[in-house]
Amino acid sequence: MGAKARKASKKSVKKASSQFPNSDSKTASADFLPLEGDGSRELAETKPQLHKATVLYIGRIPHGFYEKEMEAYFKQFGAIKRLRIARNKKTGKSKHYGFIEFENPQVAEVVADCMHNYLLFEHLLQVHIIPPEHVHPQLWRGFNYKYKPVDYVQIERKLHNKVRTLEEHKKLVEKILKQDARRRKRIEAAGIDYECPEIVGSVQPAPKRIKFDEE
């Protein structure tokens with residue numbers, strides 16, 4: 001490179017450096033922000049939105065998918081705090097909807113996204129997040145109650161075998177005889193030649209009178 005070429009390159013560098021102002025000048029370009037400045041320009045802090053909802057509503061629960069099955073299935077997503085299925089107070093049968101609470105809000109959001117409209121035993125599950133302000137304060141009352149089915153056979157057995165008085169037994173026999181009379185009429189109206197057997201125990205013996213010897 002000759003002397004003339006060197007001079008020309010030095011001049012071009014000087015011209016280019018003169019186009020940019022010094023950092024100490026008051027007329028600094030607004031396109032550059034100071035790394036450690038007076039704080040005249042600060043970027044707005046963006047805070048992530050916090051999801052605090054951990055309770056889910058689960059609807060259209062199929063028959064046979066109860067507390068144990070639900071806990072065993074949903075614990076694959078995360079730790080479960082508590083759950084319950086709405087049941088009939090009289091019969092104890094499931095009302096096919098319930099609630100589940102997770103310890104982590106993010107897990108609850110994932111479950112709501114994945115399990116909504118999920119086909120389970122020919123039922124499309126309906127899973128929705130319940131906001132904390134909409135959770136009823138008595139929602140988890142008795143959630144750990146162990147369901148015991150009502151034994152109606154035992155109840156009817158006790159009712160049938162209970163000790164009755166003479167008047168109660170008489171009313172029971174009259175009721176049975178009326179039902180038998182209606183049955184006989186229906187058989188005769190149908191033109192069927194059939195002789196119905198007599199009902200055992202329809203005639204009760206009269207109570208015996210105790211005689212005491214006269215002194």
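See above for the structure.
These remarks concern the structure in this document. Since we're looking at a predicted model, the values are computed, not measured. (Residues numbered from 1 in each chain as written. Predicted model: local features only at pLDDT ≥ 70, side-chain atom pairs only at ≥ 80, totals over all residues. Heavy atoms only, no water.)

## Digging into the overall build of the chain
Along the chain, the regular secondary structure elements total five helices and six strands. Its helices and strands in sequence order give the chain the pattern α-β-α-β-β-α-β-β-β-α-α, from N to C terminus. Out of the 215 residues belonging to the chain, those deemed buried represent 18%. Long-range contacts, defined here as pairs at least 24 residues apart, represent 60% of the contacts in the chain between residues at least 6 apart. For the chain, the computed accessible surface area is about 19300 Å², with 54% contributed by carbon and sulfur atoms. (Helix = DSSP H or I, 4+ residues; strand = E, 2+ residues; numbered from the N terminus. Buried < 20%, exposed > 50% of the residue type's maximum accessible area, 1.4 Å probe, protein only. Contact = heavy atoms within 4.5 Å. Areas by Shrake-Rupley, 256 points an atom, 1.4 Å probe, with all protein chains shown as cover.)

## A word on the pairing of strand 3 (residues 94–102)
Taken together, the five bridges between strand 1 (residues 55–59) and strand 3 define a ladder with antiparallel strand orientation. Bridged to Val-55 within strand 3 is Glu-101. The sheet contact formed by strand 2 (residues 80–87) and strand 3 spans six bridges and is antiparallel. Looking across to strand 3, one finds that Ile-85 is bridged to Gly-98. Taking the residues that link successive antiparallel strands as the turn, the strand 2-strand 3 hairpin has six residues, and the phi of Gly-92 there is positive, at about 80°. (Pairing = 2+ DSSP bridges.)

## Things to note about the pattern of salt bridges
Inspection of every chain in the model, using the stated rule, returns four salt bridges. Across the pair Arg-82 and Glu-101 runs a salt bridge whose closest N-O atoms are separated by 2.6 Å. Taken together, the positions of Arg-82 in strand 2 and Glu-101 in strand 3 put the pair 19 residues apart, joining distant regions of the chain. Each of Asp-180, Arg-183 and Arg-184 takes part in a single network of salt bridges with overlapping partners. (Salt bridge = Lys/Arg side-chain N within 4 Å of Asp/Glu carboxyl O.)

## With respect to the environment of Arg-184
Turning to its location among the elements, Arg-184 is positioned in helix 5 (residues 166–189). By relative accessible area, Arg-184 is classed as partly exposed at 25%. For the pair Arg-184 and Tyr-194, spaced 10 residues apart in sequence, the C-alpha separation works out to 8.9 Å.

## Examining the sheet that holds strand 2
Read across the open sheet, the four strands follow the order 2-3-1-6; overall the sheet is antiparallel. Only two strands of the sheet have a single partner each, and these edge strands are strand 2 and strand 6 (126–130). Each neighbouring strand pair of the sheet contributes to a mean axis angle of 20°, computed without reference to strand direction. Against the sheet, helix 2 (residues 67–74) makes contact with strand 1, strand 2 and strand 3, and its axis sits at roughly 145° relative to strand 2, the strand it touches most. The strands touched by helix 3 (residues 105–115) within the sheet are strand 1, strand 3 and strand 6, with strand 6 carrying the most contacts at an inclination of about 150°. (Axes fitted to C-alpha atoms, helices over the stretch in contact; angles between N-to-C directions.)

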